[in-house]
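Okay, here's what each chain looks like letter by letter:
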Amino acid sequence: MKNRSRTRAGVVATLAGLAVLAGPALVSAAPAVAATPADCPWMDTSKTPEQRTNLLLDASTLDQQMRWLNEVTAGDPSITTTPTQGGLGQPPGPPVTFAAQVPCVAFTADTDGPWGIAYVGGTTAFPVPVAQAASWDLAVTKAKGEAMADEAWRKQYDNLFAPGLDLVRHPWNGRNAEYLGEDPFLAGTISATWVNALEDNPNQPVSAVLKHFLGNSQELDRASSSSNMDARTMHELYGLPYEITMKESKPAGVMCGFNQFNGIYSCENPDLLTKYLRDDLGFDGYVVTDNTAQHSTATALNSGLSQELGLPLYFTPPRLHAALDAGEITATQIRQAAYRVVLAKFAHGLMDHALPATGRFDDQRTPAAHAVAREMEDKGAVLLKNDGRNLPLTVHGKTIAVIGATASNTPTNGISAESVCSSPLFGLSVAPLAVDCPNPSAPLDAIKARAAKDGNTVVFNDGSDIASAAKVAAAADVVIAFGYNRTGESFDLDTINLFDHGDELIKAVSAANPHTTVVLETGSAVLTPWADSVPSILEAWWPGEAGGDAIAALLFGDVNPSGKLPITFPKAEADLPTGTAPNAQYPGVFSDGSTTRPAGSKEIRQVNYTEGLQLGYKWYDQQNITPQFEFGRGLSYSTFNYSGLKLNTTYDPASGAPRTTVSFNVKNTSKIAGSEVPQIYLTFPTAAAEPGKRLVGFDRIDLAPGERRTVSVVVDAAAPNHPYSIWDTSSNGWKTVPGDYVVAVGSSSRDLRLTGTVGVDAPTATVPPTITGPGEIGQTLSATPGQWTQPQLRFAYQWLRDGQAIPGEDKHSYRVGAIDAGKSISVRVTATPHAGPTGTATSAPVLVRYGSTVAVKANPATGDTSTRFSVSVQVTAAASAATAEGTVSVVADGRTYPGTLLGGTAVVSIGRLPRGTNRITVQYSGSQTLQPGAADTRIKVS
């Protein structure tokens, strides 16, 4: 499939202007301004970052505050005039002038950082982030973060655009290697550890910016496509890594993506930047655009954007003043945007520590950082297949054939070990790597050196001639064949097969020699149609500067493989969650239904995430499709036994959240020391409508031969990954569905060794809700929630009329109206814990009675003292044909005479009365359907 969206010339032009992308240009940074708090009160470090930010902005004019809304002028206080943005890869536009900055503002500088410190050379080429995720190792992630921060500082950078948190939705995306896999919990957990490590040295402060928010899952038409997904998919999948990172670390900022999100550009989307990011996630950092991803001034500012990346275009003083004059924005909004940028710099220490005066163009690599790169590849490479214990290689005195261009540092048609060391900056063969990797450790050299120790001979064939490669393979005892792909920013892949006829090469070589091991050097999942014909497959990813040494050590068993897949490898393209491309899911469609952009068209491509929650392994589980290699898979030269599963669930006394401690034993049953990554998955109750299962916990353990260890992992409903919850679109909040949750523990998402069940109960009412007050028209009823099995609950009320919800009546009280006459009124109480399932209970009903009319007539109306009187009483129902029942009381001459209604009437004898005018009163006691009533009459006695 042809997905190329930019011309080669356009990319070359982009590369020529790359300095613009990397923040303010810097050759020699000035030392920090020496100032006393009296001169610059915002430099008083005894004050909070919030106080210092307000002091600085109080001392700034509105035009000075505008400086913070552009990355260039925010970073370099000396700049007052700068070119404007001309477009990615285009010459700059005309200059624009900013007001001079207030004193005592530090120089700061940004650069990209998912792979390592980018663009400038002289920095460590780590394995790509997908390999980092494949290690499932928080310790090595921490080491990488610390090494990156140190190199960034010495390279005169103190703000990194990393980690990248776009989930891997499909293997076509050109930037999958920059991201942390397909699972939001794994990605978020690694990301939070990474951010904490980057920001962990207060004397050399470096801050982190997460990217690309949100749904930036393809490079094809990334700036002219809309990622369309429902709210539940956004919260449970694509937004969750951001939520986890924000709650378990303190990133300074978030970078919004090029794409539209549900029809609105991400960098001017209020649902993303304000409602979700600020209101739902509580993020208080700043939001910066990706380069050229901004499309407006007022709309972007009103939506919550803080800063424009690179040269200014929309957040310039002339455009901001024009929007102010038009009433489209306010000065308060400009200050709010500036506040968020400045606060991040104070909060992360960037204002208090001057960057080094030199170092940008020096080689800042260290042996310690190189060792981290090596450890990352040791732990991140994944042994996908190893039939018959083909690996590790234990041959002596044999011939080993190494086949494939990426094994060698000598280029073949421009391809070498350097080509797959890290991500290309752009997805063309002419593009350099994002992080320079000159003369990396080449697999061929490392294999030769290691093979020689066992008396083996290594021969090499670059694989460019398949027949020649097969001949070399046939003559060897063992074959190691390398396959690769290569892609990067601005381009998606044309194929998810191996490049340069790699599949045909492996088929030919393995047919010539059955003892063939395949080493994959890819940035994401690829098809492996030859998998059944080879005994061993090692996924090495793009392995960084130490990759060759690591690959050799893994193949010969000097290092025991321990990586686990953070993505699923499909058997066929049709098995993908997005189906066979091209379609509406990928790469998306236009209004005429076509997937091909019409020439010259600027129409927005609609990319529909109709697979919803069925991302990655959840899709394969739900659709009962067997993948080629499942999520979480990774073999070892050791073997491991799982046993003794114990599940202990408690409820937090304050929040009611279920908290399950999952304990089990893992034993190394081999004679080889090894590392295992036990994984914990939850399958939800059917009522949750949650596809497949969900990763909710993992650990990484090192075990000596024969060693057994008890592993305990806590699955806490109150944790940022919401392991027991789904996003409930009706309440716009997280909800735990009561029922049985199946806990599965194992070595991968499909190699599950232990299972158990956790019953999650909703709170129940031990004393039901009650209603106080008369059930009469015009009266007010009040509800009490009753007593419940859990404390610290939030209560919501819904009043019911004859069991049906009364619209808008959701307070704890209800005023009875005429419409309620003859109806049963009750209240349903919903009890919600902080993180557990909700419970409901309903009160006993109160019957609202009709009004009654009482008529009374004296018999006779006059008489003398000898007359025996009686009264006739008639009770009727207002607005009803109901017949009155019950009793009446007649009071005459201080005495009470009872009567019983029959057919709504009663005749009550009251006897003789004294001389004069006697007042006769009648009280109707009411019934189940009628309210009480009263009437009176007078009798004259002579």
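What you are looking at is a predicted structure, and each value in this text was computed from that prediction instead of being measured.

Time to look at the pairing of strand E6 (residues 225-228). Residues Ser-225 and Ser-227 point to one face of E6 and Ser-226 and Asn-228 to the other, with burial holding for every one of them. Note: E6 against strand E17 (residues 605-608), four bridges, orientation parallel. Each residue of the ladder has a partner; that of Ser-225, found in E17, is Arg-605. Here E6 runs beside strand E8 (residues 260-261); their pairing, made up of two bridges, is parallel. Note on E8: the bridge partner recorded for Ser-226 is Gln-260.

Relative to strand E36 (residues 824-832), strand E33 (residues 794-801) runs antiparallel, the two being bridged by eight bridges. By the bridge assignment for E36, Arg-801 is matched with Ile-825. Alignment of E36 against strand E38 (residues 846-847), held across two bridges, turns out to be antiparallel. Looking across to E38, one finds that Ser-824 is bridged to Leu-847.

The next point concerns the domain arrangement of the chain. Parsing the chain into structural domains produces domain 1 (48-77 + 105-348), domain 2 (375-567), domain 3 (638-760), domain 4 (765-848) and domain 5 (853-941). Between domain 1 and domain 4, the C-alpha centre-to-centre distance is 46 Å.

We now examine unusual backbone geometry. Of note, the amide linkage connecting Lys-211 to His-212 takes the cis form, showing an omega dihedral of -5 degrees. Relative to the assigned elements, His-212 resides in strand E5 (residues 207-213). Put simply, Leu-391 and Pro-392 share a cis peptide bond, and its omega is 0 degrees. Looking at the secondary structure, you find Pro-392 in the loop between strand E11 (382-386) and strand E12 (399-403). The backbone of Asp-500 sits at a positive phi, close to 50 degrees, despite the residue not being glycine. Residue classification places Asp-500 among the exposed residues on the basis of a relative accessible area of 51%.

Looking now at the nonpolar core. Counting 105 residues, the largest nonpolar core has Leu-56, Trp-68, Phe-213 and Leu-214 as the members making the most contacts within it. Of all the elements, helix H13 (residues 331-347) adds the most residues to this core, at nine residues. Shared between two domains, this core holds at least three residues of each, these being domain 1 (48-77 + 105-348) and domain 3 (638-760). For Leu-56, the residues in contact, after removing those within four places along its chain, are Trp-42, Trp-68, Val-102, Val-105, Val-342, Phe-346 and Met-351. One finds Leu-220, Val-526, Trp-619 and Phe-629 within the second-largest nonpolar core, a separate group that totals 40 residues.

Moving on: the packing of aromatic side chains. The relation between two aromatic rings is expressed through the spacing of the ring centres and the mutual angle of the planes. Counting across every chain of the model gives 18 aromatic pairs. On the basis of an interplanar angle of 10 degrees and a centroid distance of 6.0 Å, the ring pair of Trp-172 and Tyr-586 is categorised as stacked. One end of the pair, Trp-172, is in the loop between strand E4 (159-164) and helix H7 (184-198); the other, Tyr-586, is in the loop between helix H18 (547-556) and E17, with 414 residues separating them in the sequence. Each member of the pair Trp-172 and Tyr-586 is classed as buried. Centroid distance Phe-185 to Phe-698: 5.9 Å. Interplanar angle 65 degrees. Geometry classified as edge-to-face. Residue Phe-185 is found in helix H7, and its partner Phe-698 is found in strand E22 (residues 694-698); the two are separated by 513 residues along the sequence. For Phe-698, a relative accessible area of 13% puts it in the buried group.

A separate point is the pattern of salt bridges. Scanning the model with the defined rule gives 40 salt bridges in all. Where Asp-363 meets Arg-365, a salt bridge forms, and the shortest distance between an N and an O atom there is 2.7 Å. Overall, the relative accessible area of 46% leaves Asp-363 in the partly exposed class. Exposure remark for Arg-365: the relative accessible area of 34% places this residue in the partly exposed category. For Glu-630, the salt bridge identified is with Arg-633, shortest N-O distance 3.6 Å. Comparing Glu-630 with Arg-633, the two get one shared label, buried. A network of salt bridges, in which partner residues are shared, links Arg-175, Glu-178, Glu-219, Arg-222 and Glu-489.

Structurally, the position occupied by Pro-251 is in the loop between helix H9 (240-248) and strand E7 (253-256). Residue Pro-251 is classed as buried on the basis of its relative accessible area of 4%. Separated by 180 residues in sequence, Pro-251 and Ala-431 place their C-alpha atoms 30 Å apart. Setting aside residues up to four positions removed in sequence, Pro-251 forms contacts with Val-195, Glu-199, Ala-208, Leu-210, Thr-245, Met-246, Phe-283 and His-348.

Below, the discussion takes up helix H12 (residues 317-325). Of the residues making up H12, those classed as buried are Pro-317, Leu-320 and Ala-323. End-on, the buried residues of H12 take up no more than an arc of 130 degrees, which puts them together on one face. H12 presents Pro-318 and Asp-325 as exposed residues on the side facing more than 90 degrees away from its buried surface. Of the surrounding elements, those touching the buried residues of H12 are helix H3 (62-66), strand E2 (95-97) and helix H11 (298-303).

A few words on the sheet that holds strand E39 (residues 852-859). Pairing is antiparallel across the open sheet formed by three strands, whose spatial order is E39-E41-E44. Only two strands of the sheet have a single neighbouring strand rather than two, namely E39 and strand E44 (905-911). Across this sheet, the average inter-strand angle for adjacent strands is 20 degrees, counted without regard to direction. Summarising the sheet, E39 and strand E41 (residues 869-877) pair through eight bridges and their orientation is antiparallel. Each bridged residue has a counterpart across the sheet, and for Ser-852 the counterpart in E41 is Ala-877.

Rules used in this analysis
- Residues numbered from 1 in each chain as written.
- Predicted model: local features only at pLDDT ≥ 70, side-chain atom pairs only at ≥ 80, totals over all residues.
- Heavy atoms only, no water.
- Buried < 20%, exposed > 50% of the residue type's maximum accessible area, 1.4 Å probe, protein only.
- Helix = DSSP H or I, 4+ residues; strand = E, 2+ residues; numbered from the N terminus.
- Pairing = 2+ DSSP bridges.
- Domains from an automatic or database assignment.
- Core = buried A, V, L, I, M, F, W, Y, C linked by side-chain atoms within 4.5 Å.
- Contact = heavy atoms within 4.5 Å.
- Phe/Tyr/Trp six-rings, centres within 6.5 Å; stacked < 30°, edge-to-face > 60°.
- Salt bridge = Lys/Arg side-chain N within 4 Å of Asp/Glu carboxyl O.
- Arc of directions from axis to C-beta.
- Axes fitted to C-alpha atoms, helices over the stretch in contact; angles between N-to-C directions.

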